[in-house]
Amino acid sequence: MVKMVVYLSFFLLFFAFTICVHTNECHSSKCGSKGPLVRFPFRIQGKQPRHCGYPQHRFVLSCSENDDTLLQLTPSLQLFIKEIDYKAQLISAYDSEGCLTRKLLNFNLSGSSFQFNIEYYYNFTLFNCSSAIQYDSNLIPCLSDPHNAVYAIASDEYISDYLHLLSCTKIHDMSGLPYRYVLQQENILELSWSDPKCRSCETKGKYCRLQSNITGSKTECYAKLKPGATLGSILLVGALVMSHWLYSSNKMDREYQSKMDKFLDDYKSFKPSRFSFADIKRMTNEFKDELGQGAYGTVYKGKLSHEIMVAVKVLSNSKGNGEEFVNEVGTIGRIHHVNVVRLFGFCADGFRRALVYEYLPNDSLQKFISSSQTKSPFLGWRRLKDISLGIAKGIDYLHQGCDQRILHFDIKPQNILLDHDFNPKVSDFGLAKLCGKDQSAVSMTTAKGTIGYMAPEVFSRNFGNVSYKSDVYSFGMLVLEMVGGRKIGEERMGNDEEIYYPEWIYNLLEEGEDLRLEIEEDGDAKIAKKLAIVGLWCIQWNPMERPSMRTVVQILEGEGENLAVPPNPFSSAVSARKNAKMPQRRLHLELEIISETE
């Protein structure tokens, strides 16, 4: 019985497929099995009738001996088609020899059916030098050989930066080309077409074709299946449902897992793209929407595509930018974690530098926990716990999940960004430092971080060696700020006493008192107490007494409620007042700043 059902299903599939093919003479075709599907406005010469394509020779494709799909863009320029996006009216083509720049030496799109899929074009001048010049970003390797080095200079560059080329020979001018195809030497050429306009048909799930019985180039939409194929469609659906019901459950699971594994492999191999400054201006619509400013530059909202929003940090020319830029690209560019902000790419265009991140709509954690931000709603204790856990997982990944341990050195609310579901992502790796996982300490010549979140050993080695436990301290201060809802060291008392909120929390816990916080639901008090205890363990002044971030993750994920209150992490010997509304004034220490030169 089962075999009969299977045979019937395949028969119905074949029958329905035959009906669909024969009712549409201009069905999609391809070169061999690996090429893109070809349909109107394109057609494959020798495989599809002339009326199946748009009446221009530029839309006629051909198949190579190896079943590659070829586009004859000009009489002297033939490219291989990689992909055709009919909704976006965009084709991606490449040079089989890997030197697209050579093919574009005398290329001109005027009078063509296609346009570059980018708004900014440049004119370039090529120079031939008998010896290599140390300016690698302008070198065109595929045009060079061991005896001649060819360099390309954009027309808008300052000639004063290239005086060393005066001894070289000018050999060619290239006009009206995007930056990426010359200096970035990308081998994938993206071209769009405006006519015929079939985007609306494709968006509706229909196909596009020339209007019937009308001479000229007017087009119309039509359904993918003609009325005559209705029976075949019904049979096809029935056969698919029957086959799926009998056999496909396990197979679908295996296929899904295979696709997921492939996606994860591709994601792991992701490397940030390099953009030109013209690309940055296009993404940000000429820097129209400013999101904020920081110590090293300004952040703008932008678009990488119609679906992908980005945050673009344009670095200023202040001192130290070079080190921060290298740190940012060199660390975050190699890691991928759900709780670490994703770097899509960067711009290093002369003195102009920028970083392109994923856009996170809910801004930073600082917006929701600072008492000065009165307009922001309280997130609730369960969400604060989830945010704390996400941050801990992100930092633990930096410490344990990478080939080399990454020390962040600037964990604070402003550097924790929140996505649309309030999932936290660690950002801003400008101060980050790489070290081996077996390295118990790192050397530093200057203190790194933000006052209030910086571990004491970063100021002075009298408190121990600088290590990954320094990030643990910063995390603890951040969690205590989340619990207290106010900035560390903020002064708000009417009697002018300084509110050192972490010490106040410790005093209350030590005396077994309630934390006197905003509690809305059952269980909130337990969550608040658990976060407070975790934060206090993390800010122990002796780095050896602080837990690792892996331990912190396990504590926050666990259900245990009997967490021990840690030893007093503060140097002040003043005992807590039982009925104190706020803590004692913190004893200020004179810390010796140690300059480490080893």
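As shown above, the structure is provided for reference.
Note that this is a predicted model, so its numbers are computed, not measured. (Residues numbered from 1 in each chain as written. Predicted model: local features only at pLDDT ≥ 70, side-chain atom pairs only at ≥ 80, totals over all residues. Heavy atoms only, no water.)

A. Summary view of the overall build of the protein chain. Within the protein chain, the secondary structure is distributed over 13 helices and 22 strands. Burial analysis of the protein chain (598 residues in total) assigns 46% to the buried set. Taking as baseline every contact in the protein chain between residues at least 6 positions apart, the subset at least 24 positions apart corresponds to 65%. Carbon and sulfur atoms make up 52% of the accessible area of the protein chain, which totals about 31,900 Å². (Helix = DSSP H or I, 4+ residues; strand = E, 2+ residues; numbered from the N terminus. Buried < 20%, exposed > 50% of the residue type's maximum accessible area, 1.4 Å probe, protein only. Contact = heavy atoms within 4.5 Å. Areas by Shrake-Rupley, 256 points an atom, 1.4 Å probe, with all protein chains shown as cover.)

B. Spatial organisation of the sheet that holds strand S1 (residues 43–44). Taken together, the 7 strands give an open sheet; going across it, the order is S1-S2-S3-S4-S5-S10-S6, and neighbouring strands pair in mixed fashion. Whereas interior strands pair on both sides, the edge strands pair on one side only; in this sheet they are S1 and strand S6 (115–116). Bridge count between strand S4 (residues 77–85) and strand S5 (residues 90–94): 5 bridges; the pairing is antiparallel. When the sheet's bridge partners are listed, Asp 85 is paired in S5 with Leu 90. (Pairing = 2+ DSSP bridges.)

C. Up close: helix H11 (residues 501–510). Within H11, 9 of the 10 residues are buried, which leaves it mostly tucked inside the rest of the structure. Those residues of H11 lying buried are Tyr 501, Pro 502, Glu 503, Trp 504, Ile 505, Tyr 506, Asn 507, Leu 508 and Leu 509. In the core, the buried residues of H11 are packed alongside helix H10 (469–484) and helix H12 (524–538).

D. View of the environment of Asp 349. Tracing the chain through its elements places Asp 349 in strand S17 (residues 343–349). With a relative accessible area of 5%, Asp 349 lands in the buried category. Expressed as a C-alpha distance, the spacing of Asp 349 and Phe 277, which sit 72 residues apart in the sequence, is 6.1 Å. The contact partners of Asp 349, leaving out residues within four places of it in the chain, are Glu 157, Tyr 179, Ser 276 and Phe 277.

E. Fine view of H10. Under the 1.5 Å per step criterion, the end-to-end length of H10 is 23 Å for 16 residues, consistent within 8% with the ideal 22 Å. Of all 16 residues making up H10, 16 are buried, and the element is well covered by its neighbours. (Expected span 1.5 Å × (residues − 1).)

F. Region of interest: the state of the cysteines. Per the stated rule, a full pass over the model turns up 5 disulfides. With a sulfur-sulfur separation of 2.1 Å, Cys 99 is cross-linked through a disulfide to Cys 142. On the sign convention where negative is left-handed, the bridge of Cys 99 and Cys 142, at about 60° about the S-S bond, is right-handed. Taken together, the positions of Cys 99 in the loop between S5 and helix H2 (100–103) and Cys 142 in the loop between strand S7 (122–129) and strand S8 (149–154) put the pair 43 residues apart, joining distant regions of the chain. (Disulfide = S-S within 2.5 Å.)

G. Highlighting the pattern of salt bridges. Considering all chains together, one arrives at 13 salt bridges under this definition. A salt bridge links Lys 393 to Glu 557; its shortest N-O distance comes to 3.2 Å. Placement of Lys 393 in helix H8 (residues 381–401) and of Glu 557 in helix H13 (residues 549–557) is noted, with a sequence separation of 164 residues between them. As a salt-bridge pair, Glu 457 and Arg 546 come within 2.7 Å of each other at their nearest N and O atoms. Pair noted here: Glu 457 is in helix H9 (residues 456–459) and Arg 546 is in the loop between H12 and H13, with a separation of 89 residues, a long-range link. You'll find Glu 457 and Arg 546 in the same group, each marked buried. Within the structure, one salt-bridge network assembled from shared partners comprises Arg 180, Glu 190, Asp 279 and Arg 282. (Salt bridge = Lys/Arg side-chain N within 4 Å of Asp/Glu carboxyl O.)

H. Local environment of the sheet that holds strand S18 (residues 352–358). As summarised here, the arrangement of the 6 strands in space is S13-S17-S18-S16-S15-S14, forming an open sheet in which the pairing is mixed. At either margin of the open sheet sits one strand with a lone partner, and together these are strand S13 (273–275) and strand S14 (290–293). Averaged over all adjacent pairs, the angle separating strand axes in this sheet is 25°, with direction ignored. The pairing of S17 with S18 spans 6 bridges and is antiparallel. Among the inter-strand pairings, Cys 347 is bridged to a residue of S18, identified as Ala 354. (Axes fitted to C-alpha atoms, helices over the stretch in contact; angles between N-to-C directions.)

I. Quick peek at the pairing of strand S16 (residues 309–315). Within S16, 6 of the 7 residues are buried, which leaves the element mostly enclosed by the surrounding structure. As paired elements, strand S15 (residues 297–303) and S16 share 7 bridges and run antiparallel to each other. Along S16, the bridge assignment pairs Val 299 with Lys 313. Where S15 hands over to S16, the hairpin turn is made up of 5 residues, counted between the paired strands.

J. Main features of the side chain of Ser 474. Looking at the secondary structure, you find Ser 474 in helix H10. With sequence-adjacent residues up to four places away left out, Ser 474 is seen in contact with Ile 411 and Tyr 453.

K. Summary view of the pairing of S18. Of all 7 residues in S18, 5 are buried, a share of seventy percent or more. In this sheet, S18 lies alongside S16 in antiparallel orientation, the contact comprising 5 bridges. Within S18, the position partnered with Val 314 by the bridge is Ala 354. Count of turn residues in the S17/S18 antiparallel hairpin: 2 residues, of which Gly 350 carries a positive phi of about 65°.

L. Main features of the packing of aromatic side chains. Scanning the model with the defined rule gives 16 aromatic pairs in all. Relative to Phe 287, the ring of Phe 277 lies with its centre 5.9 Å away and its plane at 40°, an arrangement referred to as tilted. On the criterion of sequence distance, the pair formed by Phe 277 in helix H5 (residues 277–283) and Phe 287 in the loop between H5 and S14 is long-range, its members being 10 residues apart. Owing to a relative accessible area of 13%, Phe 277 belongs among the buried residues under this scheme. Three or more aromatic residues joined by ring pairs make a cluster, and in this case those are Phe 40, Phe 42, Tyr 54, Phe 59, Phe 114 and Trp 193. A cation over an aromatic ring shows up here: Arg 39 above the ring of Tyr 86, its NZ or CZ 4.2 Å from the ring centre. For the cation-ring pair, Arg 405 lies above Tyr 468, with the distance from its terminal atom to the ring centre recorded as 4.4 Å. (Phe/Tyr/Trp six-rings, centres within 6.5 Å; stacked < 30°, edge-to-face > 60°. Lys NZ or Arg CZ within 6 Å of the ring centre and 35° of its normal.)

M. Quick peek at the side chain of Ser 467. Structurally, Ser 467 can be placed in the loop between H9 and H10. Assessed through its relative accessible area of 7%, Ser 467 is described here as buried. What Ser 467 contacts, discounting residues up to four positions off in sequence, is Leu 407, Ser 440 and Ala 441.

N. Broad picture of the packing of H8 against H12. Put simply, H8 and H12 touch, their axes get as near as 9 Å, and they point 30° apart. One way to sum up the angle between H8 and H12 is to call them roughly parallel. Handedness of the H8/H12 crossing: left-handed. Only Asp 524, Ile 527, Ala 528, Lys 530 and Leu 531 of H12 make contact with H8, whose side of the interface consists of Trp 381, Arg 382, Leu 384, Lys 385 and Ser 388. (Parallel < 35°, antiparallel > 145°, perpendicular 65-115°, else oblique. Left-handed = near helix turned anticlockwise from the far one by under 90°.)

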